[in-house]
Each structure stands twice: as structure tokens, then as C-alpha cells.
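Next come the chains, spelled out residue by residue.
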Amino acid sequence: MYAYDQFDHAMVASRNAEFRDQVERRLKGELTEDEFKPLRLMNGLYLQLHAYMLRAAIPYGTLSADQMRRLAHIARRYDKGYGHFTTRQNVQFNWPKLSDTPDILDELAEVEMHAIQTSGNCIRNVTTDQFAGATADEVADPRPYAELLRQWSTFHPEFSFLPRKFKIAITGASADRAAVKWHDIGLVLKQNDAGEVGFEVSVGGGMGRTPVIGKVIRDFLPEKDLLSYMEAILRVYNENGRRDNKYKARIKILVEAMGADEYARQTEAEWDRIKDAPIDVPEEEAARIKAFFAPPPLEVLEETNASVDEFASKNFLFASWLNNNTNKHKVPGYVNVTISLKPHGGIAGDATAEQMELVAALADAYSQSEIRVSHEQNLILPHVPVKDLATIWADLDEAGLGTANVGLITDMIVCPGLDYCALANARSIPIGQAISNRFDDMKRIQDIGPLKIKMSGCINACGHHHAGHIGILGVDRKGEESYQILLGGSGAEDASKGTILGPGFDEHGIVDAVEKVVAVYLGEREEGEEFLGTYRRIGAQPFKEALYGTH
Amino acid sequence: MAKKIKGPQMLIANRLDDGRVVFFTRTGGWSSNTDDAAYGEDEVLESLLERAQVFVANNTVIDLQAIGAVIDGDKAFPSHIKHAMQAKGPSVRADLGYQTSLDWEQA
Amino acid sequence: MALINFTGIEAGNWTVLAEDEQPTEGAKVAASVTRIADESEEFFAAVGELGAVVSTETAYADLAPLLNKLSFVAIEFPAFTDGRGFSLAVRLRKDLGFKGEIRAVGPVMPDQAMHLMRSGFDTVDVADERKEAFEACAARFKQFYQSDYRGAVSIAHARHSSDESRKAS
């Protein structure tokens, strides 16, 4: 993992001192709320429905065990004993007091964390593949580049007041687990014919009320040129993005209006002028950062373990967990374990302080003290020896963290919705709970197979409903909560936009609707065909008929 | 406050210090309990707003809004689902609703 | 109003001309870009030094033909959120090689002092009561993660520089 040096520490410490001063001035009345609001937002502090909400960044979803323990401590001391992991690999605390937030930020800084640029019209936390550096299907580890981007984007002199927020995602694997095509900038690591590492660059992806899949503007950008190319893309956006209407201010609207070819042309023209300026880092700096992400020294182990197999043969839930919640590691004898934060009937993405501490302890014991957070709101223990899986599962299961549903219908993305969020129009969490209760049968959901439900409580789409195989969008229909259903979205390498099937349902109707959709799939699927494949083959019509009749 | 609301209204705000949702009360203070909330329309509402503004000016509360209210007996409750949620706390964590967390409030 | 001076440039005392107002002989005056573009040689001969007042909407390329006449550019921010002003200053320095004074005018926040300074602004006009906060913000950070077009190098470069004076203590 990256470790701060004196420069990084100084940066965060200065920021925290500044924020402490601003909070004091606000509490004394020297700053008005209008003046203070943009300042607190730049430090991730929102005012939500019930209280303030602090969003701390988990850069590229990587946490150490010590950092996780600190999050647990913050949850317990300053909040109500829990935190919420988000689709942007951040963590949110729902109940902090304004007067406590400077202390919370200092507590975070002690473990090299911050809340800088987790809000505002700036470059947000860079997200990536939760299995980065630990997966068999990877060209290169994306995290060093994500760290470079983190540093470069922090307090950028020119790009801190963009037309709108700006999100960058990067992946190094052929399977896209970071939804890169749905980001303002998506970067995919690749090798050219000469064996050099670089990026395919796409721009203009985004969700919200106008879902757009990003377009590739450069097939291969040499890795050494990453930052100057980003500067060129951002300058074109900062100068030309719309500022008259916040719903048309994202880069996706500009790219659509200009055309991706013209956006590429302007970017390349600007890049030509600046690529020799000292924007990109020296080679020694790239090497310094990469060294922090060197693969852990793992001794090759047996691929299988007799006692683990034996336990799996006797315990159906453990066998299911092995099947669904572990992913192949690049070193034989190891796996990456996904800890589901979607217990059936529970709140997606929430973890209690005790659960966080257990995960930290397991990370110390079994995963090189490393933890990852996925955009699908789960936690990951990377580099875990196969031989230890039975012990780990037993510990997780006892703490309510053993659900074997990763990648299945109950492993839903669910935004906080109207239970917490000031922007929401409808609740999301209770719908998620009702669906997972309805499908609370491991045999049944494994028979249904891979199926991603993604749910948002408003058009802003924090719950990625456009990218769900089944998407659910909560809307306000004349003062009542109503839920629309979308089918056919994907956030993976085959990215696609879901299509709204028809009129919305009430909170009970939507659960029945999901069940009917699943029934159509089960009736129509061909041997070995997953939900998305069936939908793409047969189209929306059979699903519409099942939900709305033939008219 | 841009939208014209018909009928009785009550005043909602967040406390500056802890962000907690509070309602302007009949005795001219703030309470998280809607049972204490003042309500009214027209001139009565105007006068409530005027008194409540003082607390915005002296940095006790922020985000002051007049919101639609349903009156039951002599008690007001927010009519819109969003503000009802603010009055009750998250529907999914009954253990954290305002009425059940007075200890936290006083901490 | 108070004037914050980041760079120590000799800041001009500029009179912004009203629409039909004629400059007094030898005065330091500023006017809109459209007016400057329309003015005659007599006008340019009459003024001492000339500045342009531009909005954040201005395309930097439109300033290029006027630049040899200008020793001052004031960029008006309609709101602190309008980040085009930062890019415009960068363009003036980086693409047009402008060496004169660039001033920020409008409702910019103290918190933006570092952004203004590093984008190439020399000065900013602020309300008197914000002077102290601006100065504190401008001095808060010693080094940054980005190189800028003023010639400051990034932390990434400083980390590997043989020049020890660039390294933070």
C-alpha cells in the first residue's frame, strides 16, 4: 500500500488545520452558512435529512487493517456505531456533529486518510478494480496510476471549480469490475505490440438523468503521459462544459454535443502543446509509487486443501460461499475473498464497528493486513490462502458477514435513498431488504445465477440503476413513492444502458415485479445462459407482457 | 420555499451544531418532537417565520423552511414524505429514530 | 476594497472607463475587450497604459490580437464557482505569454487564493473584511502536487530533485 511521506502528511495536516479554523469561525458566527457550505462540502461534509454526513475517501478502494480499525473507532466514538460503504469506494458516517468533524479528520489523517474532494465540482476519489494487484486477469496493477491521479488532482489550481463533479475510474483487468465506461474518464490498462504499458482512454460516460456510455478517444496512451493527457481533457471540459444548467454540465453532455471525434481532436491539440511541460512525474517518482504496490511475497501453495474440501462437502452454505465469494488469485493456492455486506434482510453496504474490527483482524491474520472496498458495496480480503478459508468463513458467519450471495440476485447495489439522503425521492433500503427477504433461499438464488440488481432512490443514480441487469429507480409520484423497473443494463466490459419497462410500482408491487421478471428468465433461458444473455436474446417484450399484460 | 403550499404549515430546520432536525415550537424554541411544533397559515405563519428567523441570524439553526403540515387534534406533523422521514428518523433503523434517541440528543 | 498581491508585481491603479468616457492623457485605464477592439490609434496613443476587463466567458484566442497593447487584464468572476477564470489565466500565461498583471475581480473566496495564485493571477480585489482570510489562505500550503505555469515544480519533482532547498523540511 502507498504510505505518506512528509509532503503528503503536510498537505493533509494543513488542510485539516484550515478546516478546523473554518468550523470554529462558523460556530462563532464569523462565517455565514452560505459562505461555509462550499467549504464544508470541499471536505466531504454534507447536511443530509437527519444530520450532517461525512464522506471519507478510500482511495481506489484500498484500506489497511489499521485504517479499518480507525473507521470502526470513528463510527463508535463520533457516530452511532456503524458506517456505510458506497459505490464510489468511499465510506459515509451518517451522524457526526459539526463540532466533532475537525477531530474526525485528524483521526483520519493519523492513518493517512482524508475527506478531500469527496464532494464538490472537482475531481473525486479515483476508483478501481477491487481485485487490483491480486487477480489473474490483469495487465498491470492500476493502483499506482490511481495514486498518481489522486495526488495530481488534489487541490488542482485550475480544475477545482469545474462545471460539475468529475469521476475517473481505472482498471487493469480484462473483466471490468470498476464500471470504467460509466465514468467521466475511463482508463483501461493495456499493452501495445511492443509490450509497453499504456491506457485506452474513454470520456463522457456517466449516469444521472442522462445515462451515457463513455467513448474511446485514444486507443493507446503511454503510461508516462497520463497526467498531461488528463490535463488536456480537463482543460477542454473546464473551458467548454455548460455552466448554465447543472443537469447539462457533466462532460458527457459536452462530448455528445461536440462529438467524440472533435473532443479527441481538441484534447490532442492541447496535449501537443503541453506534453513537454513538467506535468507528468519523473520516472523515479513513478517507480517510487509503484514500489508501494509490489506484490506481497506469497509462497506458492497447494491449490486445494483436504480439510476445506471436507468441510465444504458437509456444509452447503460454506460450499456456496467458496463458489460465489472467492475469486482466483494470480498466485496458486490463494484466493480473494469477497465479504458480502448484503445479508438477507439487511442494509446494503452498512457495517457495524464490530464488523469492521473483525474484518481488520482477519486481514491481519490472513490477507497481508489489506482490505478492499468494491463499488458493489462489499469488502474484500485479497491474497488469502485457500487452506484458511473454512476458519475465515466461520468467523465471518458468526458476525453476520458470511452470506454466500456475491454476484447473485441478493447482492444488490442500494443507495441510502430517502431514509438518509436529502436528494432522494423514494426509499431504497427497505425495497432492497424486501427483495432479499423474498429471495432468501441459497439454492434458489444459485439456480437463478449471476444477476445484478442496482437501485437508486432518485434520478441521480448513485445506486447505478442504469447499469443493473435489473435496475430499480425510485421516483416521487404525486407524493407517493413509486418504483420503475429497468432491464438490460451492465456496468461490466460489455457496458449497456438499461431500458425502462413501463409504469412504476408501489413498494410491494416492485418486489412482485422482480419476481415475475425472474420467472420469465427461468422459463426462457437456454442451457447455461445468464439473465443478461437471455434478456439480450429475447428482448424486453416477454418481460413487459409478464408485468403489464399484452397491451 | 419557492413552491406555494396550501393550508397549515410548520417550520423545520437543522441545528447548526449537530445537524439534528428540529421544529419551531409553540413556546418559541426548537424541538425534535413534532408534538411541540407550532403551526399556522397566513399571518400566523408569517409571524412564526419572523420569530424563527432570529435563530438563523444567531446561528442556532440552518436551512429553515416552512413545510406543509397535517393537523391531528392540536398536533402538527409534516405532510410530505421527505419531511415525515425527517421527523421520524430512518425507517430502516427504528433504533435510531429521534424519539428513541434522546440520550444521543442530550449528549 | 483591499488588493491582495500574491506576486509582488507593481500593481496598477486602474480606472475602468465607463462606456463613452474618454481617457485622460497618459492615464492607466481599463476597458472591455469589445471597446478596445473598436478603438482607434488615437485612443491607444492617448492612454498611458491599457488594461482589459474580461468575463470568464472570453475565449483566450480572442485576446491574442490585442495582447501587445495590454499591460493588465482583469478577469471578472460572476460567481466563485465559475472555474473558467482559472483556465483563462493559465491560457494568458501559457499560450499567449502575457507578462502583465492579471487580477481577479468578483465574488471569489479566500479558500481560492491558492488556486488564483497558481493559475497565474497576480492580484485579487477583495472586500476589506476578507483581506486577512485571503492572506492566511494564500500562505497556508507550502508546496503542491502540481507543477504550474508560474514555474513552481510539483511535489513529485521536488521529491527527486537534487536541489535540497526544494524539499520540505
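Residues numbered from 1 in each chain as written. Chains lettered and ligands numbered in written order. Predicted model: local features only at pLDDT ≥ 70, side-chain atom pairs only at ≥ 80, totals over all residues. Heavy atoms only, no water.

1. A look at the overall build of chain C
- Within chain C one finds seven helices and seven strands.
- Seen in sequence order, chain C has helices and strands lined up from the N terminus as β-β-β-α-α-β-α-β-α-β-α-β-α-α.
- For chain C, the C-alpha atoms occupy an extent of roughly 55 × 35 × 25 Å along the three principal directions.
- By residue count, 53% of the 169 residues in chain C fall in the buried class.
- When contacts within chain C are restricted to residue pairs at least 6 apart in sequence, long-range pairs at least 24 apart make up 50% of them.
- Of the roughly 7700 Å² of accessible surface on chain C, 48% is carried by carbon and sulfur atoms.
- Across chain C, the 18 positively charged side chains and the 26 negatively charged ones have centroids separated by 12 Å. (Helix = DSSP H or I, 4+ residues; strand = E, 2+ residues; numbered from the N terminus. Buried < 20%, exposed > 50% of the residue type's maximum accessible area, 1.4 Å probe, protein only. Contact = heavy atoms within 4.5 Å. Areas by Shrake-Rupley, 256 points an atom, 1.4 Å probe, with all protein chains shown as cover. Lys, Arg positive; Asp, Glu negative; His and termini not counted. Charge placed at Lys NZ, Arg CZ, Asp CG, Glu CD.)

2. Considerations on the interface of chain B and chain A
- The interface of chain B with chain A comprises 26 residues on the first partner and 32 residues on the second.
- In total, about 2400 Å² of surface goes out of reach between chain B and chain A, with carbon and sulfur atoms giving 59% of it.
- Run the count over chain B and chain A and you get zero salt bridges.
- The tally of links between chain B and chain A comes to ten residue pairs in polar contact (both at pLDDT 80 or more).
- Put simply, the parts of the chain that give the side of chain B that touches chain A at least two residues each are β1 (9–15), β5 (61–72) and α2 (81–88) of chain B.
- For the side of chain B that touches chain A, the leading source of residues is α2(B), giving four residues.
- In terms of residue class, the side of chain B that touches chain A is made up of eleven nonpolar, eight polar and seven charged. (Buried area = accessible area lost by both parts, 1.4 Å probe. Salt bridge = Lys/Arg side-chain N within 4 Å of Asp/Glu carboxyl O. Polar contact = N/O pair within 3.5 Å; in protein donor to acceptor, adjacent residues only side chain to side chain. Nonpolar A, V, L, I, M, F, W, Y, C, P; charged D, E, K, R; others polar.)

3. Side note on helix α3 (residues 65–78) of chain A
- Under the 1.5 Å per step criterion, the end-to-end length of α3(A) is 20 Å for 14 residues, consistent within 8% with the ideal 20 Å.
- Within the sequence span of α3(A), burial applies to A65(A), Q67(A), M68(A), R70(A), L71(A), A72(A), I74(A), A75(A) and Y78(A). (Expected span 1.5 Å × (residues − 1).)

4. Examining the sheet that holds strand β13 (residues 350–352) of chain A
Residues and elements named next belong to chain A.
- Spatial ordering of the open sheet is given by β1-β2-β5-β4-β13, a layout of five strands whose pairing is antiparallel. Since the sheet does not close on itself, it has two edges, and those belong to β1 (45–47) and β13, each with one partner. In this sheet, neighbouring strand axes are inclined to one another by 30 degrees on average, regardless of whether the strands run parallel or antiparallel.
- Pairing of strand β4 (residues 82–85) with β13, which is carried by three bridges, proceeds in the antiparallel orientation. Each residue of the ladder has a partner; that of H84, found in β13, is D350.
- Running at roughly 85 degrees to β13, helix α12 (residues 353–366) makes contact with β4 and β13 of the sheet. (Pairing = 2+ DSSP bridges. Axes fitted to C-alpha atoms, helices over the stretch in contact; angles between N-to-C directions.)

5. Some details on the environment of V33(C)
All names here are of chain C.
- Residue placement: V33 occurs in helix α1 (residues 33–38).
- You can call V33 buried: its relative accessible area is 18%.
- Counting along the chain gives 21 residues from V33 to V54, while the straight-line C-alpha distance between them is 6.4 Å.
- Residue contacts for V33: discarding those within four places in its chain leaves A52, V53, V54, L63 and L66.

6. Quick word on the interface of chain A and chain C
- Residue-level contacts link 47 residues of chain A with 39 residues of chain C.
- Surface buried jointly by chain A and chain C totals about 3600 Å² across both partners, of which 57% is contributed by carbon and sulfur atoms.
- A per-residue breakdown of the area chain A buries against chain C is headed by F7(A), P157(A) and F161(A), which together make up 22% of the total.
- Here chain A and chain C share eleven salt bridges between them.

7. Remarks on the confidence of the model for chain B
- With 87% of its residues at a pLDDT of 70 or more, chain B has an overall mean of 87.
- For the stretch residues 99–107 of chain B, pLDDT sits under 50, and the model shows 14 contacts to residues farther than four places along the chain or on other chains. (pLDDT = per-residue confidence, 0-100.)

8. With respect to the side chain of N324(A)
Residue and element names in this part refer to chain A.
- Mapped onto the elements, N324 comes out in helix α11 (residues 316–325).
- We classify N324 as buried; its relative accessible area is 16%.
- In terms of polar contacts, N324 uses its side chain to reach the side chain of Q446, at 3.1 Å.

9. Side note on the sheet that holds strand β7 (residues 123–126) of chain C
Residues and elements named next belong to chain C.
- One open sheet accounts for seven strands, arranged β1-β7-β6-β5-β4-β3-β2; its pairing is mixed. Since the sheet does not close on itself, it has two edges, and those belong to β1 (2–5) and β2 (15–16), each with one partner.
- Across five bridges, the pairing between strand β3 (residues 28–32) and strand β4 (residues 49–55) is parallel. The residue bridging A31 from the neighbouring strand is A52, located in β4.
- In this fold helix α4 (residues 84–94) packs onto β4, β5 (72–76) and β6 (101–105), with an angle of close to 160 degrees to the strand it touches most, β5.
- Sheet strands in contact with helix α6 (residues 131–140) are β1 and β7, and its direction is about 10 degrees off that of β1.

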